[in-house]
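# Coordinate analysis (summary)
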Amino acid sequence: MLVVKEQTVKDLVTDEIAFEAVEAVFAAMARGDAYNFPVVREAIGYADALYGFKSGFDRSSLALGLKSGGYWPGNAERGLTNHQSTVVLFDADTGRPKALVGGNYLTAVRTAAASAVSIYHLAREESSVLGMIGAGHQSTFQLRAALKQRKFDRIIGWNIEPERLSVLEEVAAEHGIPFQRAELEILCKQADVIITITSCFSPLVMKNWVLPGTHIACMGTDTKGKQEVEAGLMPQAKLFTDEVAQSISIGECQHAFEAGLINQDDITPVGAVISGSHPGRSAADEITVFDGTGVGLQDLAVASIAVEVAVKNGLAQEIDF
Ligand code: NAD
């Protein structure tokens, strides 16, 4: 069995590698070649931890396995990241364990790759202003990956605790792109592309603020009850997601679906756009929404590539198991 350490993954998996892996697995999901198994997530009644696993199988790449881990709120005091995860890959022919891969950095890049894939396939070509809502751990990953998809010449940011916006300002400065802090309404009215990446439970983006032609990547809502966008916006937009079942149950579309404002059929897997069976955006004045809920297959796809690259670079440790 191979072991690919967290640091090795960090050193080797670039935004570009993650983008390709996530784009390919979204297309495989839309073709019906790859599917996710039901997610398990439990409060374990110890250390205030939330623990669970996400798993699936991609018949086209033969990625089989799971990502296991969760949230340990006391970790920060121990000098560890609160979110902890590890990926285990299995040989699809024999069921033998194939690789153990650090999953913390992978989670961040695969989530950033999902919004980047949505921007690449759905945002207007001439999009020039990027709006960032949220400035937590994920936000800089989302920003870096997004900047590679269009020629953005301005970034606008909002966070409930404005002082945290400095992390985004640093990334903007690295790229030589002006950064402005703004109120939510102004951000929504000026941005061509908006990324939401908060842990919010009530809408931040209101339907009357979003102008025709905007693309919104909703990335923070991955649990029942969370919300970043007013439900009333959804029927006015063309809706895309990673996985429809998750979109209506734990994703941003859950609220519009529960309120009867949209049906399941109104939401298209973005993989259909990638593989060319759905046109995606068909007019410059359409509002497009990508509901990125986060699926186990993304983790397996990126972990598989991490193993491949680590082996090529002689950085995968082989253990007798
Ligand atoms: P984090 O804890 O580092 O940051 C949370 C962010 O949400 C911060 O910007 C914080 O200021 C903001 N926030 C918290 N409460 C808020 C409120 N009431 N109103 C407005 N903003 C609020 O978390 P993170 O790692 O950056 O993740 C952000 C979100 O993305 C989380 O909800 C997480 O579960 C989700 N996430 C989704 C995926 C996916 O695949 N879709 C993957 C990873 C994380």
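Note that the structure is a prediction, hence the values are computed from the model and not measured.

## Focus: the site of the ligand
- Among the 22 residues in the neighbourhood of the ligand, the closest are listed as H137, Q138, N159, K226 and G292.
- Within the contact set of the ligand, an oxygen atom lies 2.8 Å away from a backbone nitrogen or oxygen of H137.
- A distance of 2.9 Å separates an oxygen atom of the ligand from a polar side-chain atom of D222.
- Bound to the protein, the ligand loses 80% of the 840 Å² it would expose on its own.
- Along the lines of polarity and charge, the residues of the shell around the ligand split into 5 nonpolar, 12 polar and 5 charged.

## Some remarks on the domain arrangement of the protein chain
- Along its sequence, the protein chain is organised into domain 1 (2-107 + 297-318) and domain 2 (122-294).
- Each of domain 1 and domain 2 has a C-alpha centre, and these two points are 24 Å apart.
- The interface of domain 1 with domain 2 comprises 14 residues on the first partner and 18 residues on the second.
- In total, about 1,200 Å² of surface goes out of reach between domain 1 and domain 2, with carbon and sulfur atoms giving 62% of it.
- In terms of surface lost to domain 2, no three residues of domain 1 exceed D15, F26 and A30, which account for 34% of the buried area on that side.
- Run the count over domain 1 and domain 2 and you get 2 salt bridges.
- For E16, the salt bridge goes to K148, with nearest N and O atoms at 3.8 Å.
- Applying the counting criterion to the domain 1 and domain 2 interface returns 3 residue pairs in polar contact (both at pLDDT 80 or more).
- The set of elements that each furnish at least two residues to the side of domain 1 that touches domain 2 consists of α2 (15-31) and α3 (104-122).
- Of the residues in the side of domain 1 that touches domain 2, the class split is 7 nonpolar, 3 polar and 4 charged.

Reading guide: rules and limits
Residues numbered from 1 in each chain as written. Predicted model: local features only at pLDDT ≥ 70, side-chain atom pairs only at ≥ 80, totals over all residues. Heavy atoms only, no water. Near = heavy atom within 4 Å. Polar contact = N/O pair within 3.5 Å; in protein donor to acceptor, adjacent residues only side chain to side chain. Areas by Shrake-Rupley, 256 points an atom, 1.4 Å probe, with all protein chains shown as cover. Nonpolar A, V, L, I, M, F, W, Y, C, P; charged D, E, K, R; others polar. Domains from an automatic or database assignment. Contact = heavy atoms within 4.5 Å. Buried area = accessible area lost by both parts, 1.4 Å probe. Salt bridge = Lys/Arg side-chain N within 4 Å of Asp/Glu carboxyl O. Helix = DSSP H or I, 4+ residues; strand = E, 2+ residues; numbered from the N terminus.

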